[in-house]
Amino acid sequence: MPSERPQLYDQDYRHFDTLIWQAPTWASAVFTFTMTTAGLLLTNLEKVSLALKLDPLPTLSVFLLAVFVVLMLLANALVRFRLHQGALPAPAIVVRRPWWQPRGHTSLLLVIFIESAVLLSFGLYCAGLPIQASNAAAIALLVVLFPILELWVLNTIELQRRQAQSSGATSQPTH
């Protein structure tokens, strides 16, 4: 009788494993819908203002910044899952990548951050901030916050793996 290996994931988490990698796709779909809606609103400012009895630019700003927050929450879910996966034993076979090619996980998170930066810049501009300040906030998100977050994720994963090796056990990671 073959020995069965213990499962690292329960059935519910394996289902989540499949779904979490769709987060960047969902983020891109939400981003596309949001930017299309913003474009339509901007081309019809007078009609929207008359129909809704709202000032369209502040309303658009709230909408863009709310979607920015949603994308940041999707990014958080992706980061949390990366940490969960990082607690698992390293794969036996490592496929080398060229020095210039980012990790797949990094690229997926960067997609969400780029889209979020556009929404942040546009949302802040519609709220009345000068374009330079709006763009500076978006650039800071990309060149300051993203690299800090990515380094923290990679260092945390490395720490988790070292702790697992030193304890000699593969414990079930926490969420």
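Residues numbered from 1 in each chain as written. Predicted model: local features only at pLDDT ≥ 70, side-chain atom pairs only at ≥ 80, totals over all residues. Heavy atoms only, no water.

A. Expanded view of the overall build of the protein. Scanning the protein for helices and strands turns up six helices and zero strands. Starting at the N terminus, the α and β elements of the protein follow one another as α-α-α-α-α-α. Across the 175 residues in the protein, those meeting the buried criterion constitute 30%. A fraction of 84% describes how many contacts in the protein between residues 6 or more apart in sequence connect residues 24 or more apart. Of the roughly 11600 Å² of accessible surface on the protein, 67% is carried by carbon and sulfur atoms. (Helix = DSSP H or I, 4+ residues; strand = E, 2+ residues; numbered from the N terminus. Buried < 20%, exposed > 50% of the residue type's maximum accessible area, 1.4 Å probe, protein only. Contact = heavy atoms within 4.5 Å. Areas by Shrake-Rupley, 256 points an atom, 1.4 Å probe, with all protein chains shown as cover.)

B. Spatial organisation of the side chain of S121. You can see S121 is positioned in helix α5 (residues 104–126). By relative accessible area, which is 10% here, S121 ends up buried. A polar contact is formed between the side chain of S121 and the side chain of N135, at a distance of 2.6 Å. Setting aside residues up to four positions removed in sequence, S121 forms contacts with S134, N135 and A138. (Polar contact = N/O pair within 3.5 Å; in protein donor to acceptor, adjacent residues only side chain to side chain.)

C. Inspection of the environment of F113 at higher detail. Its place among the elements puts F113 in helix α5. C-alpha separation for the pair F113 and L145, spaced 32 residues apart in sequence, amounts to 9.4 Å. F113 has contacts with M72, A75, L141, L142, L145, F146 and L149, leaving out every residue within four places of it along the chain.

D. Looking closely at the side chain of T106. Structurally, T106 is set in helix α5. What T106 contacts, discounting residues up to four positions off in sequence, is R82, F146 and E150.

E. Representation of helix α2 (residues 23–43) within the structure. Taking 1.5 Å per residue as the helical rise, α2 with its 21 residues ought to reach 30 Å, and the 30 Å between its terminal C-alpha atoms agrees with that figure. A23, P24, A27, F31, T34, A38 and L41 are the residues of α2 that are buried. One side of α2 holds all its buried residues, which, seen down the axis, span an arc of 115°. Opposite the buried face of α2, by more than 90 degrees, sit the exposed residues T25, W26, F33, L40 and T43. (Expected span 1.5 Å × (residues − 1). Arc of directions from axis to C-beta.)

F. Up close: the packing of α5 against helix α6 (residues 131–167). Taken N-terminus to C-terminus, the directions of α5 and α6 make an angle of 160°; their axes are 8 Å apart at the nearest point. When the axis of α5 is compared with that of α6, the two are roughly antiparallel. Regarding α5 and α6, the two cross each other, and that crossing is right-handed. Contact with α5, carried on its side by T106, L109, L110, F113, I114, S116, A117, L120, S121, L124 and Y125, involves I131, S134, N135, A137, A138, L141, L142, L145, F146, L149 and E150 of α6 and no other residues of that element. Residues of the contact of α5 with α6, tallied by class, amount to 16 nonpolar, five polar and one charged. (Axes fitted to C-alpha atoms, helices over the stretch in contact; angles between N-to-C directions. Parallel < 35°, antiparallel > 145°, perpendicular 65-115°, else oblique. Left-handed = near helix turned anticlockwise from the far one by under 90°. Nonpolar A, V, L, I, M, F, W, Y, C, P; charged D, E, K, R; others polar.)

G. A look at the pattern of salt bridges. Per the counting criterion, the structure on display carries two salt bridges. For E150, the salt bridge identified is with R82, shortest N-O distance 2.8 Å. Of this pair, E150 sits in helix α6 while R82 sits in helix α4 (residues 56–86); the two residues are 68 residues apart in sequence, bridging distant segments of the chain. Judged by its relative accessible area of 3%, R82 falls in the buried class. Residue R162 is joined to E158 by a salt bridge in which the shortest nitrogen-to-oxygen separation is 3.8 Å. Taken together, the residues span about one helical turn, with R162 and E158 both in helix α6 at a distance of four residues. (Salt bridge = Lys/Arg side-chain N within 4 Å of Asp/Glu carboxyl O.)

By themselves, these are just geometric observations and shouldn't be taken as functional.
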